[in-house]
Amino acid sequence: MNWKSPLQWKISLFFALLMAIGLWAVWGGKGPGGEFPGVLFLIVLLAFLAAGWIGVGRVLVQPLDDMVGVVQKLAEGLFNWRARLGTRRDELGRLGNEINRMAQAVGEKVDRLAKNLAETEALLGGMEEGVLILDLNGRIKKINGAMETILAHAFPSDVGKHYLEVFRDPELNDLIQATLADKKGYRRGLSPLGQPGKTFQVQSSLVQYPDSGGEGVIVVFHDVTDLKRLERVRQDFVANVSHELRTPLAAIKGYVEALRDGGLQDPSQTKQFLRVIQRHSERMDKIVSDLLLLSEMESPDRVLQKESLNLPEIIQAAVEAVRPMAEGKRQKIQVVPLEGIPPLRADSQKIHQVLINLLHNAISYTSEEGSITVGATPVPDGAEVSVTDTGIGIPPEDLSRIFERFYRVDKGRSRELGGTGLGLSIVKHIVEAHGGHVRVESKPGKGSRFTFFLPR
């Protein structure tokens, strides 16, 4: 019982007074001897006061105190408190049961909301896309980690600030302003100032909160840099294939027309024209063969005929195959001692193709009387093979694209040398199909070094 309860005091006093007045009325204000029973009246009053205090405390005040305690704990965020009602079935019991059910329902809802919030936070934190959430006044409500990376000047402490205080990107600010003003979403391609060379597809949309009736704006950044690059590569590939095939086709067509228009009457001219037609036909055949090989290596259904590979033997065979070409330019081609090479399993024909392509590339871009060196060394979990030349080298800005299909550093020179522009791309795809990788080191005017790794 609560000794400080004003309600309990008032009800107990009222109960005692009421009973005393009733007693007074029964006795008519006189005791058995005809005198006023003051002492007896006082005793009865105190007795009724004590009885009222105990009864009211148990019947009314204690349950109410329990209910008030439950409501206070709810306000503090503690949802596991309940009113102690026993087996009461009266109005207070029903009220207490409803409060207990409310506490349980609120607790369960808060738990669900906390779980949903944790899942949302984890989702936003794990997203590669940047997410920015604002209210309709333009104040920042949420910034996920990816957005902090995309917009280098955005920080978690910016939550609550107006977006114009935080972002210095005119294109982004225009997008947000248009969304807030028009109350509808927009999609634009943006390149943030803090991300040079990056392209993002940015989608803004209006979001509504059914519970509160509020609204806000969500802005999502999708990094489409790689997609744009791949699209550019695809376009370049189609254009290059068309160009590479159109050139020999035009030459063949021209010489066929020349033969038909009288060239057949001159035997010496006929032989010359046929040699040109044959050369261009062979070039077209080489382009088509290389494209088919690339398609095979890029296919998920490709099958490598892996077998025990004698790497020194494959290297020697490739060097001997291209030696006449090197000797025609008076180039020196040598193989460093190949020792300690671990046993490997690989498609010997494909690895031979890799070496042939690298050696052809080295011979083509190395001047007369230059030198080419082939070597292999054991490394953890496999072996590395290198082809080093003293050729013209590769400019630094071209190194990252040297393995792209049809990419040439010097387009005119490459075509004069008869290359298809696919050799290094084939090297990359074959090596990666074996689980390896290829890299290049080069300095303009001082040569290049191509190295590829093959795992055990």
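Since this is a predicted model, take the numbers as computed values, not measurements. (Residues numbered from 1 in each chain as written. Predicted model: local features only at pLDDT ≥ 70, side-chain atom pairs only at ≥ 80, totals over all residues. Heavy atoms only, no water.)

Draft legend 1. How the structure looks around the pattern of salt bridges. Evaluated as defined, the whole model comprises eight salt bridges. The salt bridge partner of glutamate 369 is arginine 330, with a shortest N-O separation of 3.5 Å. Placement of glutamate 369 in the loop between helix H10 (348-364) and strand E9 (371-379) and of arginine 330 in the loop between helix H9 (311-328) and strand E7 (332-335) is noted, with a sequence separation of 39 residues between them. Owing to a relative accessible area of 60%, glutamate 369 belongs among the exposed residues under this scheme. (Salt bridge = Lys/Arg side-chain N within 4 Å of Asp/Glu carboxyl O. Helix = DSSP H or I, 4+ residues; strand = E, 2+ residues; numbered from the N terminus. Buried < 20%, exposed > 50% of the residue type's maximum accessible area, 1.4 Å probe, protein only.)

Draft legend 2. Structural view of unusual backbone geometry. Although it is not a glycine, arginine 330 adopts a positive phi angle of roughly 55°. One non-glycine residue, glutamate 369, lies in the positive phi region at around 70°.

Draft legend 3. Focus on the packing of aromatic side chains. For the coordinates displayed, the defined rule picks out three aromatic pairs. When the ring of phenylalanine 403 is compared with that of phenylalanine 450, the centres are 6.1 Å apart and the planes differ by 90°; the resulting orientation is edge-to-face. Here the residue phenylalanine 403 occupies a position in the loop between strand E10 (382-389) and helix H11 (411-416), and phenylalanine 450 occupies one in strand E12 (residues 447-455), the gap between them amounting to 47 residues. Of the two residues, phenylalanine 403 and phenylalanine 450, both sit in the buried class. When the ring centre of tyrosine 186 is taken as origin, the NZ or CZ atom of arginine 188, which lies over that ring, is 5.7 Å away. (Phe/Tyr/Trp six-rings, centres within 6.5 Å; stacked < 30°, edge-to-face > 60°. Lys NZ or Arg CZ within 6 Å of the ring centre and 35° of its normal.)

Draft legend 4. How the structure looks around the side chain of serine 386. On the secondary structure map, serine 386 appears in strand E10. A residue is classified by how much of its surface remains accessible, and serine 386, at 9% relative accessible area, is buried. Residues within four places of serine 386 in sequence aside, it is in contact with Thr373, Val374, Gly375, Arg449, Phe450 and Thr451. (Contact = heavy atoms within 4.5 Å.)

Draft legend 5. Up close: the nonpolar core. One finds Leu309, Leu311, Ile315, Leu355, Leu358, Leu359 and Phe452 to be the most contacted residues of the largest nonpolar core, which totals 48 residues. The element that contributes the greatest number of residues to this core is H10, accounting for eight residues. Not counting residues within four places of it along the chain, the set of residues in contact with leucine 355 comprises Ile314, Ile315, Ala318, Val385 and Phe452. By size, the runner-up hydrophobic cluster in this structure holds 20 residues, among which are Ile140, Ile143, Ile150 and Ile176. (Core = buried A, V, L, I, M, F, W, Y, C linked by side-chain atoms within 4.5 Å.)

Draft legend 6. Molecular detail of helix H6 (residues 170-182). The terminal C-alpha atoms of H6 lie 18 Å apart, and with 13 residues this matches the ideal 18 Å at 1.5 Å per residue to within 8%. Restricting attention to buried positions, one finds in H6 the residues Leu172, Asn173, Leu175, Ile176, Ala178, Thr179 and Leu180. Directly after H6, the chain includes lysine 183, whose backbone phi takes a positive value near 55°. (Expected span 1.5 Å × (residues − 1).)

Draft legend 7. Structural context of the sheet that holds E12. In space, the five strands of this open sheet follow the order E7-E9-E10-E12-E11, with mixed pairing throughout. Of all strands in the sheet, those with a lone pairing partner are E7 and strand E11 (437-443), marking the two edges. Put simply, the sheet's adjacent strands are angled 15° from each other on average, direction ignored. H9 rests against E7, E9 and E10 of the sheet, and its axis sits at about 175° to E7. Along the sheet face, helix H12 (residues 423-433) touches E11 and E12 and points at about 140° away from the line of E11. (Pairing = 2+ DSSP bridges. Axes fitted to C-alpha atoms, helices over the stretch in contact; angles between N-to-C directions.)

Draft legend 8. Examining the confidence of the model for the protein more closely. Averaged over all residues, the pLDDT of the protein equals 77, while 74% of them reach at least 70. Across the protein, the element-wise mean pLDDT spans from 53 in H11 up to 93 in E12. pLDDT under 50 marks residues 1-5. Its contacts with residues more than four places away, or in other chains, come to ten contacts. (pLDDT = per-residue confidence, 0-100.)

Draft legend 9. Focus on a nonpolar patch on the surface. On the surface, Met102, Val106 and Val110 cluster together into a nonpolar patch covering about 200 Å² of accessible area. Mapped onto the elements of the fold, valine 110 is located in helix H3 (residues 91-126). Residue valine 110 is classed as partly exposed on the basis of its relative accessible area of 30%. (Patch = residues over 30% accessible without salt bridge, like charges linked within 9 Å, V, L, I, M, F, W, Y side chains within 5 Å. Areas by Shrake-Rupley, 256 points an atom, 1.4 Å probe, with all protein chains shown as cover.)

Draft legend 10. Region of the structure containing the pairing of E11. Going residue by residue along E11, you find Val438, Val440 and Ser442 tucked away on one face and His437, Arg439, Glu441 and Lys443 left uncovered on the opposite face. The pairing of E11 with E12 spans seven bridges and is classified as antiparallel. From the neighbouring strand, valine 438 faces E12, where its bridge partner is phenylalanine 452. Counted along the chain from E11 to the antiparallel partner E12, the turn is three residues long, and its residue glycine 445 has a positive phi close to 85°.

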